[in-house]
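Structural features, examined
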Amino acid sequence: MKFSNRLVWLIAIAFGVIILLTLIAAPSGSKINSGSTYNRAPDGYGAWYAFMQDRGTTIKRWQKPFQELQTEKRPVTLLKIYSQLSEPIFLSEEKEWVKAGNTLVVLGVRERVSAVEFSTMQKSPSGDVKIETRRRKSSVSKDKISLGDRFGAVVWEEKQGNGKVIFSTTPYLAANAYQDYLSNFEYLADLVNQKGNLLFVDEYIHGYKDADVRKSEGKGDIFSYLAQTPLFPAFIQIGVLLAVLVWAHNRRFGSVATLDTPELDNSIAYIQALAAVLQKAESTDFVVEIVGKEEQLQLQKALGLGSELLDRQTLINAWQQRTGATRAELNAVLQQQDRKRRFSERQLIGWLQKWQTLRIKGTGDR
């Protein structure tokens with residue numbers, strides 16, 4: 001390969017690595033997951049959601065646009081936990097939905113900072129609730145304050161037609177960070193527990209969507225998602241670049257070479273594997289027993305004595321009559337086979353050679 005071609009490949013690979021590292025290692029400034037019941041970090045609500053389920057409260061995650069809440073026939077309590085402080089501004093459809101008899105609970109409303117200490121313990125019917133914010137709503141009548149002090153309200157409610165909206169100046173009212181303060185969990189549970197209402201936690205504002213919603217938005221799979229991001233044009237450009245390089249015969253590994261697949265004899269492979277195991281275990285006595293029986297059968301066949309193992313005396317008599325050799329020659333090999341002891345490799349080879357000699361004599365080949 002020429003140096004210029006190699007340089008092009010190195011540049012292409014480096015470009016791809018830079019894109020990959022940018023996607024993986026780049027810091028994210030988004031806090032969209034803060035306040036989510038899927039989040040197990042201190043600013044998440046995973047522990048409170050589990051607490052509600054353990055106490056037997058029917059609670060579900062809402063992962064659809066707000067407009068679809070209007071299709072619910074029963075009254076609904078929707079808990080919204082903002083990822084960051086937001087102004088209490090509502091759309092007209094949200095106001096109409098609340099006026100129809102539903103309840104909206106909003107945690108994380110931006111209000112003015114007061115002179116109160118940052119960390120305070122607020123009295124409530126559920127016990128002392130720990131609040132860590134200086135933000136208070138000052139212009140609220142006492143009958144509307146659910147949690148507060150002389151500096152103003154931390155949690156308050158406003159009537160809207162047949163429904164109501166409950167606000168909180170802190171988004172961390174019952175976050176994971178307050179698991180040691182059970183009163184915080186109890187307080188929020190009592191706050192959202194409206195008799196006869198369905199209870200939902202809004203996860204749609206944290207980026208979680210049901211499968212049918214993702215599909216309707218054209219994000220049902222990874223390819224649809226990438227097609228809507230700046231990455232898609234980059235992948236197209238890289239693909240075109242690689243196609244041009246291949247078309248120009250700048251192939252890194254040259255022409256395709258077909259390798260012949262060797263034929264595998266399963267019997268041989270099995271025998272070799274078994275032999276390796278027996279050799280590793282030094283089981284020569286097992287080898288002598290199995291091979292000895294097979295050698296005896298082969299010798300019997302050569303002598304015309306059938307394929308069933310005979311007793312030693314019958315075999316020796318037939319051997320002597322057929323070959324005219326001494327009885328001691330065959331008897332020595334059989335006795336060596338009967339000894340239950342390990343053979344060295346040299347002894348094992350010598351024993352097999354003796355059997356080979358006896359088999360040759362038995363067939364009459366001299």
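Computed from a predicted model, the values in this text were never measured in an experiment.

Here we come to the pairing of strand 3 (residues 103-109). A large share of strand 3 lies buried, amounting to seven of its seven residues. Taken together, the six bridges between strand 2 (residues 76-86) and strand 3 define a ladder with parallel strand orientation. Across the sheet, residue T77 finds its bridge partner in strand 3, namely T103. Note on the crossover from strand 2 through helix 3 (residues 92-99) to strand 3: the handedness is right-handed. Direction of pairing for strand 3 relative to strand 8 (residues 163-168): parallel, over a ladder of five bridges. Bridging across to strand 8, L104 finds its partner in V165.

Moving on, we get to the packing of aromatic side chains. For the structure shown, the criterion picks out eight aromatic pairs. Centre to centre, the rings of F66 and W97 are 5.2 Å apart; their planes meet at 75°, and the pair counts as edge-to-face. Taken together, the residues span a long stretch of sequence, with F66 in the loop between strand 1 (60-62) and strand 2 and W97 in helix 3 at a distance of 31 residues. Taken as a pair, F66 and W97 share a single burial class, namely buried. Ring geometry for F90 and F167: centres 5.7 Å apart, planes at 50°, overall tilted. Separated by 77 residues along the polypeptide, F90 in the loop between strand 2 and helix 3 and F167 in strand 8 bring together distant segments of the chain. Neither residue differs from the other here; F90 and F167 are each classed as buried. Aromatic ring contacts, followed pair by pair, group F90, W156 and F167 into a single cluster. Looking at R61, its charged tip hangs above the ring of Y38, at a distance of 4.0 Å from the centre. Note that R61 overlies the ring of Y49, its terminal NZ or CZ placed 4.0 Å from the centroid.

Strands sit in the order 1-9-2-3-8-7-6 across an open sheet of seven strands; the sheet is mixed. The open sheet has two free edges, formed respectively by strand 1 and strand 6 (145-149), since each of these has just one partner strand. Taken pair by pair, the neighbouring strands of this sheet meet at an average axis angle of 25°, ignoring direction. Each of strand 2, strand 3, strand 7 (152-160) and strand 8 is contacted by helix 3, which is oriented at about 120° to strand 8, the strand it contacts most.

A few words now on the pattern of salt bridges. The final tally for this structure, using the stated rule, is eight salt bridges. A salt bridge links K80 to E94; the nearest nitrogen and oxygen atoms lie 3.2 Å apart. One end of the pair, K80, is in strand 2; the other, E94, is in helix 3, with 14 residues separating them in the sequence. Among the residues examined, E94 registers a relative accessible area of 10% and is labelled buried.

Now for the nonpolar core. Counting residues in each nonpolar core, the largest one holds 29 residues, and the members touching the most others are Y45, W48, L79, L173 and L188. Elements with a contribution of two residues or more to this core: helix 2 (46-54), strand 2, strand 3, strand 5 (129-132), strand 7, helix 4 (182-192) and strand 9 (198-202). Of the residues forming this core, the biggest block, six residues, is contributed by helix 4. Counting residues in hydrophobic clusters, the runner-up holds 18 residues, among them F90, V98, V109 and A153.

Further remarks concern helix 3. Among the residues of helix 3, E94, W97 and V98 are the ones counted as buried. Projected down its long axis, helix 3 carries its buried residues within an arc of 95°, all on one side. Exposed positions of helix 3 whose direction lies more than 90 degrees from the buried face are S92 and E96. Buried-residue contacts for helix 3 involve strand 2, strand 3, strand 7 and strand 8. The positive-phi residue at the C-terminal boundary of helix 3 is G101, with phi of around 115°.

Here four bridges tie strand 6 to strand 7, and the two strands are oriented antiparallel to one another. Across the sheet, the residue bridging to L147 is V155, located in strand 7. A loop of two residues connects strand 6 with strand 7, the two strands running antiparallel in sequence.

Relative to the helices and strands, K99 resides in helix 3. For the pair K99 and K164, spaced 65 residues apart in sequence, the C-alpha separation works out to 7.4 Å. If we skip the residues at most four places from it in the chain, K99 touches Q160, G161, N162 and G163.

The next thing to look at is the confidence of the model for the protein. Per-residue pLDDT for the protein has a mean of 80; in total, 72% of the residues score no lower than 70. Taken element by element, the predicted model of the protein shows its lowest mean pLDDT in helix 6 (residues 222-227) (56) and its highest in strand 5 (97).

One way to put it is that helix 2 packs onto helix 4 with a least axis distance of 11 Å and a crossing angle of 65°. Like other packed secondary-structure pairs, helix 2 and helix 4 cross with a definite hand, here right-handed. Along its contact with helix 2, which presents A47, W48, F51 and M52, the element helix 4 presents L182, F185, E186, L188, A189 and V192. Looking at the contact of helix 2 with helix 4 residue by residue, the class counts come to nine nonpolar, no polar and one charged.

What counts, and at which threshold
Residues numbered from 1 in each chain as written. Predicted model: local features only at pLDDT ≥ 70, side-chain atom pairs only at ≥ 80, totals over all residues. Heavy atoms only, no water. Buried < 20%, exposed > 50% of the residue type's maximum accessible area, 1.4 Å probe, protein only. Helix = DSSP H or I, 4+ residues; strand = E, 2+ residues; numbered from the N terminus. Pairing = 2+ DSSP bridges. Right-handed = clockwise from strand over helix to strand, strands pointing away. Phe/Tyr/Trp six-rings, centres within 6.5 Å; stacked < 30°, edge-to-face > 60°. Lys NZ or Arg CZ within 6 Å of the ring centre and 35° of its normal. Axes fitted to C-alpha atoms, helices over the stretch in contact; angles between N-to-C directions. Contact = heavy atoms within 4.5 Å. Salt bridge = Lys/Arg side-chain N within 4 Å of Asp/Glu carboxyl O. Core = buried A, V, L, I, M, F, W, Y, C linked by side-chain atoms within 4.5 Å. Arc of directions from axis to C-beta. pLDDT = per-residue confidence, 0-100. Left-handed = near helix turned anticlockwise from the far one by under 90°. Nonpolar A, V, L, I, M, F, W, Y, C, P; charged D, E, K, R; others polar.

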